[in-house]
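# Topology and contacts: notes
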Amino acid sequence: MKRSLTIAFFLSVIFSSGYAEENKLFSQRIIAVVNEELITQTELEQKKSFLKYQIKQTGKDNFTKEEDKELETALLQRLIVNKLVREEAKKENITVSEEEIRERIDNVKKRFPNEDAFRASLKEAGLNIEDLHEAFEYELILQKLFFDKWRKKIIVSPREIEEFYKMHREEFREPEQVRLRNIFVYKQGRSDEEITQRLEEILNALRENMPFEEVARKYSEGVTAYKGGIMGEIKRGELSPRIEKEIFSLKPGELSQWIETESGFYLFKLDEYLPGKILEFS
């Protein structure tokens, strides 16, 4: 971006009258300034709450102080980039329609059994519908800006790629991985009896030899439902120890037991096991 960038980080609460008084709430303090845009502790905490909620969907329930600090650092960087991206999008006259955003929100709603469960899930994440609207708006802006403007200008030669690989081979060491699919069922808005009935209904469909991907599309309420439950490659260490113990003990084609997490129940299918290795250049 050609426009000059000034980023000021405030490492402690600012007590001067120009920004905040001593008796202001901690959540109101300014932690960064991007050009003329402010980033507050409130905004950071809100984003962190949502990210933790998303991570919990993978089965990770607790966060250490170190992990919490790492999340804050990564999110602050993301918020700074967010401000810059929106500024660049304005300069490039890139806009997002309400219809595009509404379509994304409607796709999320389809993963829930009803409107109440959807709203309850947002509340659990510390969000409201306006927050979701803003998140999808930014996602669409970034997508349009990258694909329509930036990607065409990026040129990396084959020689540069090969030289980087030779100098950083250890960075391409992959731990053991699994390729997974999953089916997720929310707890929110359901009684224990309704949950039991839902889980059994899914298992019956699988017992009747309905392909897992079809069952996932039909019954799963997770973010991977639309693509047949595909989670992609999961490295050891990315999920909670309780879930990893289960999935890394499976053989290709096998199903896990239902695994209960804070937000719902997961059923996993192992598609493939991949041992750790250094990736080949190709």
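The residue numbering used here restarts from 1 in each chain and proceeds along that chain's sequence as written. Only residues with pLDDT of 70 or above have their local features reported here, since the model is predicted, and side-chain atom pairs are shown and tallied only from 80 upward, although totals for entire chains, interfaces and linings are computed over all residues. Each side-chain value is derived from all of the structure's non-hydrogen atoms; neither hydrogens nor water enter the calculation.

## What to know about the pattern of salt bridges
For this analysis, a salt bridge means a side-chain nitrogen from Lys or Arg found within 4 Å of a carboxyl oxygen belonging to Asp or Glu. This structure, assessed with the given rule, holds 18 salt bridges. Measuring nitrogen to oxygen at the nearest pair gives 2.5 Å for the salt bridge that ties Arg179 to Glu233. Taken together, the positions of Arg179 in strand β5 (residues 177–186) and Glu233 in strand β6 (residues 230–235) put the pair 54 residues apart, joining distant regions of the chain. Three labels apply to residues, based on accessible area from a 1.4 Å probe with only protein chains included: buried if under 20% of the type maximum, exposed if over 50%, partly exposed otherwise in between. Overall, Glu233 belongs to the partly exposed group, its relative accessible area being 39%. Of the charged contacts in the structure, one is a salt bridge between Glu221 and Arg190, with a shortest N-O distance of 2.5 Å. Only runs of H or I of at least four residues qualify as helices and only runs of E of at least two qualify as strands under DSSP, and these elements are numbered from the N terminus.

## Let's talk about the environment of Glu98
Summarising the element assignment, Glu98 is placed in helix α3 (residues 98–109). For the pair Glu98 and Glu137, spaced 39 residues apart in sequence, the C-alpha to C-alpha distance is 8.7 Å.

## Points about the confidence of the model for the protein
Per-residue confidence from the predictor is reported as pLDDT, a score between 0 and 100. Chain-level pLDDT for the protein is 80 on average; 84% of the residues reach the 70-or-more range. Confidence, read as mean pLDDT per element, is least for strand β1 (residues 7–9) in the protein (34) and greatest for helix α7 (residues 192–207) (95).

## With respect to the packing of aromatic side chains
For Phe, Tyr and Trp, where Trp contributes only its six-membered ring, two rings pair if their centres lie within 6.5 Å, and the inter-plane angle classes them as stacked under 30 degrees, edge-to-face over 60, or tilted in between. Inspection of the entire model under this criterion finds six aromatic pairs. Judged by centre distance (5.5 Å) and plane angle (50°), the ring pair of Tyr165 and Phe172 falls under tilted. Each residue in the set Phe164, Tyr165, Phe172 and Phe281 is aromatic and connected to the rest through ring pairs, giving one cluster. Think of it as a cone above the ring: NZ of Lys or CZ of Arg counts as a charge over the ring if it is within 6 Å of the ring centre and within 35 degrees of the ring normal. Over the aromatic face of Phe265 sits the side chain of Lys187, whose NZ or CZ is 5.8 Å from the ring centroid. Taking the ring centre of Phe248 as reference, the NZ or CZ of Arg236 above it sits at 4.0 Å.

## Observations regarding the sheet that holds strand β7 (residues 259–260)
The strand order across the open sheet built from four strands is β6-β5-β8-β7, with neighbouring strands paired in antiparallel fashion. This sheet does not close on itself; its edge strands, each paired only once, are β6 and β7. We call two strands paired when DSSP finds no fewer than two bridges between them. Here β7 runs beside strand β8 (residues 264–274); their pairing, made up of two bridges, is antiparallel. The residue bridging Glu260 from the neighbouring strand is Phe265, located in β8. Whether two residues are in contact is decided by their heavy atoms: any pair within 4.5 Å suffices. Every axis in this analysis is a line fitted to C-alpha atoms, fitted for helices over the stretch in contact. Angles between the N-to-C directions lie between 0 and 180 degrees. With respect to the sheet, helix α8 (residues 212–219) is in contact with β5 and β8, its orientation differing from that of β5 by roughly 35°.

## Things to note about the side chain of Ser256
Mapped onto the elements of the fold, Ser256 is located in the loop between α9 (241–247) and β7. The class for Ser256 is buried, based on a relative accessible area of 6%. Apart from residues no more than four positions distant in its own chain, Ser256 is found in contact with Glu246, Leu250, Leu267 and Phe268.

## With respect to unusual backbone geometry
Unusually for a residue other than glycine, Asn93 sits at a positive phi of about 60°. In this fold, Asn93 is placed in the loop between α2 (65–91) and α3.

## Quick look at the pairing of strand β2 (residues 30–34)
By the criterion of burial, β2 is predominantly enclosed, with five of the five residues buried. The pairing of β2 with strand β3 (residues 37–40) spans four bridges and is antiparallel. Within β3, the position partnered with Val33 by the bridge is Leu38.

## Section: α3
The end-to-end C-alpha separation of α3 is 16 Å, in line with the 16 Å expected for twelve residues at 1.5 Å each. Restricting attention to buried positions, one finds in α3 the residues Ile101, Ile105 and Val108. Along α3, the residues classed as buried sweep out an arc of 50° about the axis, all on the same side. Across α3 from its buried face, at more than 90 degrees, point the exposed residues Glu99 and Glu103. To estimate the expected span of a helix, count its residues, drop one, and scale the result by 1.5 Å. An arc is given here, and it is the one of the directions from the helix axis to the C-beta atoms.

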